[in-house]
Amino acid sequence: MEEIKNLEDVKKFKVDSRRTFFSANHDEIKAGLTTDIYFIKTMEILRHMGLSGKNVVAEVFPRKSGIMCGVEEVLNLLKDKNIEIYSLPEGESFEPKDTVMRIKGAYEEFGMFETVLLGMLAHSSAWATASRQCREAAGDKVYICFGARHVHPAVAPVMERAAVIGGANNASCILAAKLLGREPSGTIPHAAMLVAGDTVSVARIYDEIMPPDSPRIILVDTFRDEAEEAMAVAEALGRTLEGVRLDTPSERGGVTPELVNEVRKRLDQKGYNYVKIFVSGGLSPDRIRELSAAGADAFGVGSYISGASPIDMTLDLKMVDGTPIAKRGRIPGLIDNPKLRKMK
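Residues numbered from 1 in each chain as written. Predicted model: local features only at pLDDT ≥ 70, side-chain atom pairs only at ≥ 80, totals over all residues. Heavy atoms only, no water.

J.: Please give an account of the overall build of the protein chain that cites residues and values.
T.: A count of helical and extended segments in the protein chain gives 14 helices and 14 strands. In terms of principal-axis extent, the alpha carbons of the protein chain reach across some 80 × 45 × 35 Å. Split into buried and exposed, the 344 residues of the protein chain put 46% on the buried side. Long-range pairs, those at least 24 residues apart, make up 69% of the contacts in the protein chain with a sequence separation of at least 6. When the accessible area of the protein chain is evaluated, it comes to approximately 17500 Å², of which 52% is carbon and sulfur surface. Charge separation in the protein chain, taken as the distance between the mean sites of 45 positive and 48 negative side-chain charges, equals 4 Å. (Helix = DSSP H or I, 4+ residues; strand = E, 2+ residues; numbered from the N terminus. Buried < 20%, exposed > 50% of the residue type's maximum accessible area, 1.4 Å probe, protein only. Contact = heavy atoms within 4.5 Å. Areas by Shrake-Rupley, 256 points an atom, 1.4 Å probe, with all protein chains shown as cover. Lys, Arg positive; Asp, Glu negative; His and termini not counted. Charge placed at Lys NZ, Arg CZ, Asp CG, Glu CD.)

J.: Can you lay out the environment of H26 for me, pointing to particular residues and giving the numbers?
T.: You can see H26 is positioned in helix α2 (residues 26-31). When the C-alpha positions of H26 and G91 are compared, they lie 24 Å apart, and in sequence the two are 65 residues distant.

J.: Give me the lowdown on the sheet that holds strand β5 (residues 101-106), citing residues and values where you can.
T.: As summarised here, the arrangement of the six strands in space is β13-β12-β1-β5-β3-β14, forming an open sheet in which the pairing is antiparallel. Only two strands of the sheet have a single partner each, and these edge strands are β13 (323-324) and β14 (341-342). In terms of strand pairing, strand β1 (residues 55-62) meets strand β12 (residues 313-320) through seven bridges, oriented antiparallel. The residue bridging E59 from the neighbouring strand is D316, located in β12. Sheet strands touched by helix α6 (residues 114-138): β1, β5 and β12. Its angle to β12, the strand with the most contacts, is close to 135°. (Pairing = 2+ DSSP bridges. Axes fitted to C-alpha atoms, helices over the stretch in contact; angles between N-to-C directions.)

J.: Tell me about the packing of aromatic side chains, residues and numbers included.
T.: Using the criterion set out here, one finds four aromatic pairs in the structure. Ring centres of Y38 and F39 lie 4.7 Å apart, and the angle between their planes is 50°; this geometry places the pair in the tilted category. Look at F39 and you get buried, because its relative accessible area is 6%. With a centroid separation of 5.9 Å and 65° between ring planes, the pair formed by Y107 and F110 is classed as edge-to-face. You can see Y107 and its partner F110 sitting in helix α5 (residues 107-110), three residues apart, about one turn around the helix. Using a relative accessible area of 9% as the deciding quantity, one classes Y107 as buried. (Phe/Tyr/Trp six-rings, centres within 6.5 Å; stacked < 30°, edge-to-face > 60°.)

Structure below.
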């Protein structure tokens, strides 16, 4: 697909009536079809004036603190452009108004992609930031991102990849894990127990047919009291059982510190002290700390990460043909950040 150059290209573009999904594909993003139309108008004006090739320096800054993510996508977006890119590495922290990315080159090389690159940074950095907060709450304990069900599938891998950049041990979304060179993490949902009608029988078959590297972690809140089901599964699987998962719904009070403590104590009393307790269901950093103190060993976090509000990112032109410049209210010239690294 050819890159959009002008308003005539925009007018000529027609959406295929056989299109299955509304999300943009990779070719459409690289062609500029997800940018704001005013950047196309800007390019038309500057070309008409013979100014589109002016050398500029643009800087991106955030409105609040966070963790940098989305850089790899921006680099892939602009990899064929004759520009230099300096950026914070992914996973690096930033403060409000820090320069997190700097782009040098002819304005026509990258100008129309402002919308696209800001969106890539804004959402990924927000997800990575929420994930870092969960990492700080969990300490050295494992937590997995379970957020794919809360976002559009087109961005689910982006979100869960950002979660791992921010500190999650792994992702449950298959594509997200594969993009990171990993295998996805996860066991089974309540649906398996509901269809089979019994937790213990599902646990036995899971242990029998799943590959050795698939952790034996079994849900124990489907039919009976969590402590009761945990004991039954532990008795059935013995030493092969690595953990039990508590995902009690809010309709039954959710997973509480008291529940975690009871399950832990009952398992220990029967000699199952090697069985870990994995908790999930509406977790936040505060709840992670609370449940961790009660004895939880690992966590599945979904909506807290996936629901993070985008971190507002702004791109300003700070130099034009070597002259410092800025819109009213901003300081002309570059704002240094020693954390910047040359990326391109």
